[in-house]
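# Summary of structural features
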Amino acid sequence: MVKNYLKIAFRNLLRNKGFSAINISGLAIGMAGAVLILLWIQNELSFDQFHAKKDQLYMVYNKSVFEGDIHCWSSTPSVLAPALKAEYPDIKNFARYDWESERLLSYGDKKLNSSGSVTDSAFLYMFSFPLIKGNALTALTQVNSIVITESLAKKLFGDEDPFNKIIRVESKDNFQVTGVLKDLPPNTRFNFEYLLPWRYLQSLGWDYPNWGNNSFRTFIELQPGASLKSVNKKIKNITIRHSKNQEDNEVFLYPASRWRLWSRFENGIVTGGRIETVRLFGAIALFILLIACINFMNLSTAGSEKRAKEVGIRKVSGAKQSFIIGQFLTESVIIALLAGIIS
């Protein structure tokens, strides 16, 4: 029976080539548009969700009142992270992270500008950026260490083994390659080709160890099972306390699952961000698919009128209603499958 359905369906499609082409192409274009949008939505939802410890990772935010409104921002003082780790057992690791910037890197005769950052050694085992060479626990512990990505290693060293090679930064400081990272995936907020140790920043005197200098981002890894609500309550006044009331910023942790899509605060409350764009494009994808389906149904209905004689002959010949329904459904499914393959 099914074989007969398929044979007749393909005969009808081939007999009405123009109608079939219009129906299939219209549905395929609608499907393709919806799929492309849904792939973009999937990418947005996956941002920084590949980290193995994502449920324990948080960014430190400041909150304070300016001109009658509560403002929240993610830049923090460098002294905040060590104080949090020292005073609160719920905090397992921390990684301060400088803003990405371009520096001139050179090896032999090769010189290039590359974007990178300075961070604490714990960064490499808090976040899931796997090392091809080197040890994540020790790669950024020395003041003259540098960790580079695969692509940067290829640019600087070609086919040479980059491990333990010396890179000169800004034509003044030498760094030894202590780790090679896999290239960063596109669905992450980080955008660096190299990492330098925090001790290097300290050696330059750029650490700015005071509670009023909000110059760096701070990432925290909580102990397994630690309560975010409880930790936020404990750490709330750490800046006020350490600055002896010279700074009035409250501190709170913001989970990794919300960094990308829920980044807008209004009067101290999360109100949205890119999630609004994601929802809008999701609605557009459904609308495009709905229009394509309606167009498909209209064309199929219009075409079915030409087959009234065929249906009548089938009924006179003793065909059951279920057989005729099955035949039309088979043709619709085949058209939808072909459209799906093309899309």
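Residues numbered from 1 in each chain as written. Predicted model: local features only at pLDDT ≥ 70, side-chain atom pairs only at ≥ 80, totals over all residues. Heavy atoms only, no water.

## A short note on the overall build of the protein
Spelled out, the test is: Per the convention used, a helix needs a DSSP run of H or I reaching at least four residues, while a strand needs a run of E reaching at least two, with both numbered from the N terminus. Should any heavy atoms of two residues lie within 4.5 Å, those residues are counted as being in contact. In these tables, accessible area is a Shrake-Rupley quantity obtained with a 1.4 Å probe, and a residue counts as shielded only by the protein chains included in the view.
Across its full length, the protein holds 11 helices and 14 strands. Within the protein, contacts between residues separated by at least 24 positions form 71% of all contacts whose residues are at least 6 apart in sequence. When the accessible area of the protein is evaluated, it comes to approximately 18100 Å², of which 58% is carbon and sulfur surface.

## Describing the pattern of salt bridges
Our working definition: A side-chain nitrogen of Lys or Arg and a carboxyl oxygen of Asp or Glu constitute a salt bridge if their distance falls within 4 Å. Three exposure classes are used, based on accessible area relative to the maximum for each residue type with a 1.4 Å probe and protein chains only: buried under 20%, partly exposed in between, and exposed over 50%.
Applying the stated rule across the entire model yields 14 salt bridges. One salt bridge connects R274 with E44, and the closest N-O pair in it is separated by 2.8 Å. Of the two residues, R274 sits in helix α9 (residues 274-305) while E44 sits in helix α2 (residues 17-45), which places them 230 residues apart along the sequence. Overall, the relative accessible area of 3% leaves E44 in the buried class. Residue E276 is joined to R264 by a salt bridge in which the shortest nitrogen-to-oxygen separation is 2.5 Å. Highlighted residues: E276 in helix α9 and R264 in strand β13 (residues 264-266), separated in sequence by 12 residues. The partly exposed category is assigned to E276, whose relative accessible area is 36%. Residue class for R264 comes out partly exposed when judged on its relative accessible area of 31%. When salt bridges with common partners are traced through the structure, they connect E44, R260 and R274 into a single cluster.

## Side note on a nonpolar patch on the surface
Put simply, the rule is: To count toward a patch, a residue needs a relative accessible area over 30% and no salt bridge; like charges are then connected within 9 Å, while nonpolar side chains (Val, Leu, Ile, Met, Phe, Trp, Tyr) are connected within 5 Å.
A cluster of nonpolar side chains, contributed by F287, L290, I291, I294 and M297, occupies part of the molecular surface with about 480 Å² of accessible area. Position of I294 relative to the elements: it lies in helix α9. With a relative accessible area of 35%, I294 lands in the partly exposed category.

## Looking at unusual backbone geometry
What you tend to see is this: most non-glycine residues have negative phi, and most peptide bonds are trans. In this structure, E170 is a non-glycine residue whose phi angle is positive, near 55°. The residue E170 is located in the loop between β8 (166-169) and β9 (173-181) in this model. Notably, N245 is not glycine yet its phi reads approximately 70°, a positive angle. We classify N245 as exposed; its relative accessible area is 63%.

## Details of the nonpolar core
So the rule is basically this: To form a nonpolar core, buried Ala, Val, Leu, Ile, Met, Phe, Trp, Tyr and Cys residues must be joined to one another through side-chain atoms within 4.5 Å.
Within the largest apolar cluster, 26 residues are counted, with the highest numbers of intra-cluster contacts made by F123, F127, F190, F192 and L195. Elements that contribute at least two residues to this core include exactly β1 (57-66), β3 (91-97), α4 (123-126) and β12 (250-255). Excluding residues within four positions of it along the chain, F123 makes contact with A95, Y97, F129, F190, F192 and L195. Counting residues in hydrophobic clusters, the runner-up holds 20 residues, among them L105, L112, I167 and L196.

## Considering the pairing of strand β4 (residues 101-107)
So the rule is basically this: Strands are labelled as partners when DSSP assigns at least two bridges between them.
Note that β4 and strand β5 (residues 110-119) share 7 bridges and pair antiparallel. Of the residues in β5, the one forming a bridge with E102 is S115. The turn joining β4 and β5, which pair antiparallel and follow one another in sequence, is formed by 2 residues; a positive phi near 65° is taken by G108. Direction of pairing for β4 relative to β8: antiparallel, over a ladder of 2 bridges. Opposite S106, over in β8, you have R168 as the bridge partner.

## Concerning helix α7 (residues 228-235)
Rule in force here: The arc in question is the one traced by the directions running from the helix axis out to the C-beta atoms.
For α7, the set of buried residues is V231, N232 and I235. Along the long axis of α7, the arc covered by the buried residues comes to 100°, so they all point the same way. Those residues of α7 that are exposed and aimed more than 90 degrees away from the buried face are K229 and K233. The elements touched by buried residues of α7 are α3 (80-87), β11 (217-222), α8 (238-242) and β12.

## Section: the packing of aromatic side chains
Where we set the bar: The aromatic pairing rule takes the rings of Phe, Tyr and Trp, using the six-membered ring of Trp, and pairs them if the centres are within 6.5 Å, calling planes under 30 degrees apart stacked, those over 60 edge-to-face and the rest tilted. Remark: a charge is flagged as sitting over a ring if the NZ atom of Lys or the CZ atom of Arg is within 6 Å of the ring centre and within 35 degrees of the ring normal.
Taken as a whole and assessed by the stated rule, the structure comprises 25 aromatic pairs. Ring geometry for Y61 and F265: centres 5.3 Å apart, planes at 45°, overall tilted. Taken together, the residues Y61 in strand β1 and F265 in strand β13 connect sequence positions 204 residues apart. An aromatic cluster is built from F50, Y97, F123, F127, F129, F190, F192, F219 and W259, whose rings are joined through pairwise contacts. Seen from the ring of F47, R260 lies directly overhead, with NZ or CZ sitting 3.7 Å from the centre.

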